[in-house]
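Below are the chains, spelled out letter by letter.
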Amino acid sequence: MRRRVAGRCASADSFLGRLCSPGYVVGVGRKWTLLASIAEDLALDGYVALRTRDIARVGAPVGGDVSTRVLAARQQWPPSAPKSVPLDRTGALLRRFADVAPLLSLYTETDDPDECFVGKPVRWADTEVCLREISPAARWEDTVSVWRYREITRVEVGDGYAAALAEVGGEPPPYAPDAER
């Protein structure tokens, strides 16, 4: 499977019934599949990690090879993954993403398919991560949320939306362990 899908232009339908942003498969692991995300203006827009077990189908996106030609004209073809992205362990994936971008977007689509949680990881454990969330108004929340790795279905990093929130919101306030909810 790794050789068949790596580098393919894809829209990924998941068993959760969600359509992922169009992108190019840049890595496949036992737990996670990594896409270089393509925005509506056909620019590269960060990365999306989908749980590999949730992917039902990988195929050509609407619009065919137009995005490939646009990216080639912009000298962004072929897209590649950030160096050393571990796709076999959730905690390692999140830590690596936190090293390359100021904010992560976490999805728990089995609970609420239309909601994401954007923030900065502030504490790690074997089975969970604590996230200092930032609101859509770029204001840091007073509390820290706890996310079990097994609940996370999708992770986005390096996209324009999260970058804009990070730019306006700045660094989060100091982490206080008693603020967890």
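Here goes a summary of the coordinates provided. Because the structure is a prediction, the values reported are computed rather than measured.

What follows covers the overall build of the protein chain. Across its full length, the protein chain holds four helices and ten strands. Its helices and strands taken in sequence order, the protein chain reads α-β-β-β-β-β-α-α-β-β-β-β-β-α from the N to the C terminus. Counting only residues that meet the buried cut, the protein chain has 45% of its 181 residues in that class. Contacts spanning at least 24 positions in sequence make up 56% of the contacts within the protein chain whose residues lie at least 6 apart.

Turning our attention to the nonpolar core. In this structure, Leu94, Phe97, Leu106, Ile152 and Val155 are the most contacted members of the largest nonpolar core, which totals 19 residues. For this core, the secondary-structure elements that each account for two or more residues are β3 (32–38), α3 (90–100), β6 (104–107), β8 (128–134) and β10 (154–157). Once residues within four sequence positions are removed from consideration, Leu94 is found in contact with Leu104, Leu106, Trp124, Val129, Tyr149, Ile152 and Val155. Membership of the second largest hydrophobic core comes to eight residues, among which are Leu103, Ala138, Ala162 and Ala166.

The next subject is the pattern of salt bridges. Per the counting criterion, the structure on display carries six salt bridges. Among the salt bridges present, the one from Arg53 reaches Asp54, with a minimum N-O distance of 3.9 Å. Given a relative accessible area of 59%, Arg53 falls into the exposed group. Overall, Asp54 belongs to the buried group, its relative accessible area being 9%. Between Glu109 and Arg154 there is a salt bridge whose closest N-O contact spans 2.7 Å. Linking Glu109 in the loop between β6 and β7 (116–124) with Arg154 in strand β10, this pair joins segments that are 45 residues apart in sequence. The buried category is assigned to Glu109, whose relative accessible area is 7%. For Arg154, a relative accessible area of 6% puts it in the buried group.

Criteria and cut-off values
Residues numbered from 1 in each chain as written. Predicted model: local features only at pLDDT ≥ 70, side-chain atom pairs only at ≥ 80, totals over all residues. Heavy atoms only, no water. Helix = DSSP H or I, 4+ residues; strand = E, 2+ residues; numbered from the N terminus. Buried < 20%, exposed > 50% of the residue type's maximum accessible area, 1.4 Å probe, protein only. Contact = heavy atoms within 4.5 Å. Core = buried A, V, L, I, M, F, W, Y, C linked by side-chain atoms within 4.5 Å. Salt bridge = Lys/Arg side-chain N within 4 Å of Asp/Glu carboxyl O.

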